[in-house]
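Structure at a glance
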Amino acid sequence: MPTNFTVVPVEAPEGNTDGGEGEAEAERGEEEGPGCERCNRWQPRRESGVGDGIPRESSPFINNASMEGENIYEGKNMALFEEEMDSNPMVSSLLNKLANYTNVTQGVVEHEEDDDSKRKEIKAPRMGTFIGVYLPCLQNILGVILFLRLTWIVGTAGVLESFIIVFICCSGTMLTAISMSAIATNGVVPAGGSYYMISRSLGPEFGGAVGLCFYLGTTFAGAMYILGTIEILLKYIATNAAIFTGGEEATLNNMRVYGTCILALMAIVVFVGVKYVNKLALVFLACVILSIIAIYAGVIKTAFDPPDFRICLLGNRTLLSGDHICAKYVIENNVTETTLLWKKFCSDDPSLNATCDEYFRLNNVTEIQGIPGVASGVLFDNLWSVYREKGVIIEKQDMPSVPVPSLEEVKEKSDAYVYTDIMTYFTMLVGIYFPSVTGIMAGSNRSGDLRDAQKSIPTGTILAISTTSFIYLSCIILFGACIEGVVLRDKFGEAVNGNLVIGTLAWPSPWVIVIGSFFSTCGAGLQSLTGAPRLLQAIARDGIVPFLHVFGHGKANGEPTWALLLTALICEIGILIASLDSVAPILSMFFLMCYLFVNLACAVQTLLRTPNWRPRFKYYHWTLSFLGMSLCLALMFICSWYYALVAMLIAGCIYKYIEYRGAEKEWGDGIRGLSLNAARYALLRVEHGPPHTKNWRPQVLVLLNLDSEQLVKHPRLLSFTSQLKAGKGLTIVGSVLPGIYLDKYTEAQMAEENIRSLMGVEKTKGFCQIVVSSSLRDGISHLIQSAGLGGMKHNTVLMAWPQSWKQTDNHFSWKNFVDTVRETTAAHQALLVAKNIDLFPMNQERFTEGNIDVWWIVHDGGMLMLLPFLLRQHKVWRKCKMRIFTVAQMDDNSIQMKKDLQMFLYHLRLNAEVEVVEMFENDISAFTYEKTLVMEQRSQMLKQMQLSKNEREREIQSISDESRSSIKRKSRSSPQCITQDVDSLLPNDIQEDEAQLIHDRNTASHSTGMVKSHTAITTPEKVQMTWTKEKLISEKHKNKETSMMNYKDIFNMKPEWGNLNQSNVRRMHTAVKLNGVVLNKSQNAQLVLLNMPGPPKNRQGDENYMEFLEVLTEGLNRVLLVRGGGREVITIYS
């Protein structure tokens, strides 16, 4: 038990009171001291993920690392649960840990590695809703766009459309805030803010992709704030500080030079210490609040005392302000004198008879009030939009004007008018405005510093968005009601003496807004350069993006030095763009994508109804999240469709990179839950019935053999699986460990890890299933019966040929193999047996030429046709040609068979060469009899292996005596065992054959053709292509006349042959002859596919069945024995 927790016994001894216990506890606390290690040991420690070295979220619950070494069992009251104490804590211990659970502070500290066991004492967070959430959100939302662009947006889009723009953007952020509040109150949100919420809700792929996009957005936001700072500095504070003078290009170069200098200065400030930035945060916030107050005060003042900002118009065209009088000429002392304005339009000729600009000559010069006031009724003039092309003169709509036929004079006198600097349209204005409503994550990023984060985050964020939305919407109406339209459309205040337009409205002085906005944008830029590197560091320390690992390191105090350097370089790209209007849509894309996935995360979690989804914020619904997600997606394409596509492409590339190379994480994310739900739905749909033939593909169960170290014996079986499947369909890789599960649990886990790692190396996409069974035979049976789930069950079994089946110490392998063949047939599953699997190609190999030969003996549903087609989809087999061989019997028309087969392949849309091999009946050769004799003798030896030692000795002696006397035995009599010294019965050449057949373990394994057990297919000594009537009759008569004589001669040669099982003789004859034909045609083929004969119905002949297959495939390099599953798998129909 912890020393700071008191246990009250069930029966307290007399004289012991609560007060005494409290005093004793207090004494213990005083002895140990407040900072003792034992008192703090119950604070949760980070748990590292298995094998990845990445810090995980701390857990105060079951199996926590801090439980180790603790004596948590005291007394006898809980002896019944004594065995549970090792892994499960007592409730009292759990409650004590929860009470002392402290979330780490925000920033980098929670991600730092703890090399020592002691942790610094963490000061308890004390910030409430107002200081911790409301004001930071307010500071982040209100910024550069409000001061520099909102008046221009109102003048260009009109009050109504501007109201729509602001309402749409604010609605999107409000819906996002509702979703964010639900996620943020569903547990503790450490550093990373939105990245943490998205990654833990939607998985590492989405989290990393959106987190990096959010990082880029924050970085470009820093560039936008710096550009706003430079614009205020050069346009409104130090107008003479420009290094380059001239046109638009000079202005951009000034922005680049000054922006780079300011960026370097801010980066140095952030590098030196974030504490200085935090200390200045209140100053910057005060500047924002004072500026807002000054705007509202100025609006109120315009109601009774509008400021005096006069605008000079020529006709309806706005003129640049300057030292000139707003008139063509003046009369002083009855003398008419021209003004400077006259000289501008009359080629500097002051005389009244000068040749002047046509438009200047036809139109009068008038002067109007730039700020007519809230009671002037100018609101109705500013209701509608005025979109213009770039370089168009700003005109007052309701002023009379005499047009001129051409604008040549205007172009020559362009320095007298105010022009538009960019082309304007609705969607572009949305992209420029949206950054002004970002910053809603400021509260959730500070959750560790809040007194009650689950209450403060929703309240503070939603109040901040409501406040800023009110400010923006009211400012739109007030700007439209107080300021003249031509002034609103004058982006840089050129018509009002170069003043900041919003500053002309402020009270008591325009400098309040100028200075306030300058410090506000400086502060926002510093905040961006402070937050973005920490976000990148949080992503890097999660380990989901390998190439970002270096950015997880920093200074000794945890400051992200490398991340700050990368942030400054990316920010410099935005500075080099040099236009605030061009940078704003870029960061709008990244922020909108982030908000989109926050809404998606909330909607997914709500719809899945996962047990852990229990947010304290209750005012959310999946429809609101879905609406917010749709709105964010729409805003992305409204702002800029090509920027939206680029942002999605970047996010998609990051997603696929993390999926391909990133570290695997299990964060309990919603995408995994969504996948499970989708899988369940799909499985229930698939369960209704078997797939149609057109949808059939091999769903493979791969049976692997493991060695004593739980390593895969034949890894190329997985290579062949990936070549056959190419990532499509279902693949289950299974293996069986003999033994008891309780004893073999560790070995099973090791085997599964080894198989999974090999699957990763061989790029085999599928599932791994290890079965521990009392016997290997039962385990394979269990896998065949129960592997898979519902409709996603295997329909094909792939296994390697048991190469060691002839070894005397492994006499059970052939039994397991034959039983597996029988079980797959009973389960209506196809069977693929790869012989010589170690000679099969790896995934890195490529066949530049060669053939895949198919020997189609019996129809198996089309498996033999489908498998080469699937293999040739893979790079290894792509350049191999497909050849199909079939066998013509005595009564078949081979020419017609070839035509029919070619037509059949044409309808199947398969390209293959076709050849029909004719086989006629002939005599059974002596070689066949010798093979059969050796096989039956070996069968007797295998049976002898199962007898007891004493019985075996007696039987060997009796059989030896019997074999020496060469007594004739009946063919149907009960089997008798042959002595192991059987070599003495055979001539030297037969002894050599037997030695090669039985004892040579290094002989190459080969593939077999399928022949039914009751069918006798004979093979020719010569291969013929066409039967004639005369040849057919002569062959029949020849066989009739000589067959009996040949049999008699053979029996006279070897008396033992007459006693052989004639069924075995016929089958061996088929195997030998068919093997000769296959060798003649396909010995050099890259792969040979053969029909696999079925095992005999009588189990007593199983060992002979293995010998038939061995003889059938002798001499071939790579063989795939194929046995169909009893259904059609390929069709000619579309």
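Worth saying up front: this structure is predicted, and the values here are computed from it rather than measured. Numbering of residues begins from 1 in every chain and follows the order in which that chain's sequence is written. Whole-chain, interface and lining totals are the exception, using all residues; otherwise, since this is a predicted model, local features are given only for residues with pLDDT of at least 70 and side-chain atom pairs are given and counted only at 80 or more. The side-chain numbers reported here are obtained from all heavy atoms of the structure, hydrogens and water having been left aside.

Attention now goes to the overall build of the chain. Here a helix means four or more residues in a row that DSSP labels H or I, a strand means two or more in a row labelled E, and each is numbered from the N terminus. A count of helical and extended segments in the chain gives 35 helices and 15 strands. Throughout, a residue-residue contact means that at least one pair of heavy atoms, one from each residue, lies within 4.5 Å. A fraction of 82% describes how many contacts in the chain between residues 6 or more apart in sequence connect residues 24 or more apart. Using the Shrake-Rupley algorithm and a 1.4 Å probe, accessible areas are obtained, with residue cover drawn only from the displayed protein chains. Accessible surface computed for the chain: about 54,300 Å², of which carbon and sulfur atoms make up 56%.

The next point concerns the pairing of strand E15 (residues 1119–1123). Both faces of the sheet carry side chains from a regular strand, because those side chains alternate between them. Accessibility here uses a 1.4 Å probe with only protein chains present; expressed as a share of the type maximum, an area under 20% marks a residue as buried, one over 50% as exposed, and anything in between as partly exposed. Where burial is concerned, most of E15 is hidden: five out of the five residues are buried. Of the two faces of E15, the one lined by Val1119, Leu1121 and Arg1123 and the one lined by Leu1120 and Val1122 are each fully buried. Both strand E14 (residues 1087–1091) and E15 contribute to a ladder of four bridges, which runs parallel. When the sheet's bridge partners are listed, Leu1090 is paired in E15 with Leu1121. We treat two strands as partners when DSSP finds at least two bridges between them.

This part is about the nonpolar core. We call a set of buried Ala, Val, Leu, Ile, Met, Phe, Trp, Tyr and Cys residues a nonpolar core when their side-chain atoms join them within 4.5 Å. Ranked by size, the top nonpolar core spans 165 residues in total, and within it Met224, Tyr433, Met441, Tyr472, Phe479 and Ile483 carry the most contacts. Tallying contributions element by element places helix H8 (residues 204–237) first for this core, with 20 residues. Ranked by size, the runner-up nonpolar core spans 52 residues in total, among them Ala751, Met759, Val772 and Ile852.

This part is about the pattern of salt bridges. Within this document, salt bridges are pairs made up of a side-chain nitrogen of Lys or Arg and a carboxyl oxygen of Asp or Glu, the two lying within 4 Å of each other. Inspection of the entire model under this criterion finds 21 salt bridges. With its nearest N and O atoms 3.4 Å apart, the salt bridge here joins Asp308 to Arg310. A relative accessible area of 47% places Arg310 in the partly exposed class. Of the charged contacts, one joins Glu1110 and Lys835 as a salt bridge, the two residues approaching to 2.9 Å between their closest N and O atoms. Of the two residues, Glu1110 is situated in helix H35 (residues 1102–1112) and Lys835 in strand E10 (residues 830–835); the sequence distance between them amounts to 275 residues. According to the relative accessible area criterion, Glu1110 is buried, its value standing at 10%.

The next thing to look at is the packing of H8 against helix H18 (residues 510–542). Note on definitions: angles span 0 to 180 degrees between N-to-C directions of axes, and those axes are lines fitted to C-alpha atoms, for helices only across the stretch in contact. With their axes 8 Å apart at the nearest point, H8 and H18 run at an angle of 155° to one another. One finds that H8 runs roughly antiparallel with respect to H18. Classified by chirality, the crossing of H18 by H8 is left-handed. Amino acid classes used here: Ala, Val, Leu, Ile, Met, Phe, Trp, Tyr, Cys and Pro are nonpolar; Asp, Glu, Lys and Arg are charged; the rest, including Gly, are polar. Classifying every residue of the contact of H8 with H18 by side-chain character gives 19 nonpolar, 10 polar and no charged. Roughly parallel here means an angle under 35 degrees, roughly antiparallel means over 145, roughly perpendicular means 65 to 115, and every remaining angle is called oblique. Two helices cross in a left-handed way if the nearer one is turned anticlockwise from the farther one by less than a right angle. They cross in a right-handed way if the turn is clockwise.

Further remarks concern the state of the cysteines. Here a disulfide denotes one covalent bond, and it connects the sulfur atoms of two cysteines. Throughout, disulfides are identified as pairs of cysteine sulfur atoms within 2.5 Å of each other. Per the stated rule, a full pass over the model turns up two disulfides. Linked covalently through their sulfurs, Cys312 and Cys326 form a disulfide whose S-S length is 2.0 Å. Given an S-S torsion of about 90°, the disulfide between Cys312 and Cys326 has right-handed geometry. Taken together, the residues Cys312 in strand E1 (residues 310–314) and Cys326 in the loop between strand E2 (317–318) and strand E3 (329–332) connect sequence positions 14 residues apart. For Cys312, a relative accessible area of 8% translates into the label buried. A sulfur-sulfur separation of 1.7 Å characterises the disulfide bridge that pairs Cys346 with Cys356. Given an S-S torsion of about 105°, the disulfide between Cys346 and Cys356 has right-handed geometry. In this pair, Cys346 sits in the loop between helix H11 (340–345) and helix H12 (358–362) while Cys356 sits in the loop between H11 and H12, placing the two residues 10 residues apart along the sequence.

Right, let's get into the packing of aromatic side chains. Pairing of aromatic rings covers Phe, Tyr and Trp, the last counted by its six-membered ring, and requires centre-to-centre distances within 6.5 Å; plane angles under 30 degrees mean stacked, over 60 mean edge-to-face, and any other angle means tilted. With the rule as written, the count across this model stands at 24 aromatic pairs. Here the aromatic residues Trp342, Phe345, Phe360, Tyr417 and Tyr419 are joined through ring pairs into a cluster of three or more. By definition, being over a ring means that NZ of Lys or CZ of Arg is both within 6 Å of the ring centre and within 35 degrees of the ring normal. Seen from the ring of Phe492, Lys235 lies directly overhead, with NZ or CZ sitting 4.4 Å from the centre. Across the ring face of Tyr359, the terminal group of Arg317 is positioned such that the distance to the ring centre comes to 3.5 Å.

Given the number of residues in a helix, its expected span is that number minus one, multiplied by 1.5 Å. The terminal C-alpha atoms of helix H25 (residues 741–761), which comprises 21 residues, lie 28 Å apart, in line with the 30 Å expected from a rise of 1.5 Å per residue. In this analysis the local bend is the angle between axes fitted, respectively, to the seven residues ending at and the seven residues starting at the residue. When the local axis directions of H25 are compared, the greatest deviation, roughly 35°, occurs at Glu747. Those residues of H25 not exposed but buried are Ala748, Ala751, Asn754, Ile755, Leu758 and Met759. If you follow the buried residues of H25, they end up packed against strand E6 (700–704), helix H24 (716–725), strand E7 (731–738) and strand E8 (767–773). Phi turns positive one or two residues past the end of H25, at Lys763, with a value near 60°.

On to the confidence of the model for the chain. Residues shown with low pLDDT carry predicted positions that ought not to be read at fine detail. The pLDDT averaged across the chain works out to 76; a share of 71% of its residues lies at or above 70. pLDDT under 50 marks residues 1–75. Its contacts with residues more than four places away, or in other chains, come to 111 contacts. Within the model, pLDDT remains below 50 along residues 100–125, and this stretch shows 55 contacts once partners closer than five positions in the same chain are excluded. The pLDDT score gives, residue by residue, the confidence of the prediction method on a 0 to 100 scale.

What follows deals with helix H21 (residues 622–639). The terminal C-alpha atoms of H21 lie 26 Å apart, and with 18 residues this matches the ideal 26 Å at 1.5 Å per residue to within 8%. Within the sequence span of H21, burial applies to Ser625, Gly628, Met629, Cys632, Leu635, Met636 and Cys639. Buried residues along H21 cover an arc of 125° about the axis, so they all sit on one side. Contacts from the buried residues of H21 go to helix H6 (150–184), helix H14 (426–433), helix H20 (580–608) and helix H22 (641–661). This arc corresponds to the set of directions leading from the helix axis out to the C-beta atoms.

Attention now moves to the side chain of Asp581. Following the sequence through the fold, Asp581 ends up in helix H20. For this analysis, a polar contact is any N or O atom pair within 3.5 Å, provided that within protein one partner can donate a hydrogen and the other can accept it, and provided that sequence-adjacent residues contribute only side-chain to side-chain pairs. Of note is the side chain of Asp581, whose polar atom sits 2.5 Å from the side chain of Lys491. Asp581 has contacts with Arg149, Asp421, Ile422, Ile432 and Lys491, leaving out every residue within four places of it along the chain.

With respect to the secondary-structure elements, Lys328 resides in the loop between E2 and E3. Polar side-chain contacts of Lys328 include one of 2.5 Å to the backbone oxygen of Phe360. Among all residues touching Lys328, those that are not within four sequence positions of it are Thr338, Thr339, Trp342, Phe360, Arg361, Asn363, Asn364 and Val365.

The omega torsion of the bond from Trp507 to Pro508 falls at 15°, within 30 degrees of zero and hence cis. Summarising the element assignment, Pro508 is placed in the loop between helix H17 (501–505) and H18. A positive phi angle, close to 60°, is found at Lys763, a residue other than glycine. Relative to the assigned elements, Lys763 resides in the loop between H25 and E8.

Now for the sheet that holds E15. Sheet architecture is open: 10 strands sit in the order E8-E7-E6-E9-E10-E15-E14-E11-E12-E13, paired in mixed fashion. Taken across any chain shown, the strands that pair with only one partner, and hence form the sheet edges, are E8 and strand E13 (913–918). On average, adjacent strands in this sheet sit at an angle of 20° to one another, irrespective of strand direction. Bridge analysis of strand E11 (residues 851–856) against E14 gives four bridges, and the strand direction is parallel. Bridge pairing in E14 links Ile852 to Leu1087. Those strands touched by H24 are E6, E7, strand E9 (796–800), E10 and E15, and its axis lies near 170° from that of E6.

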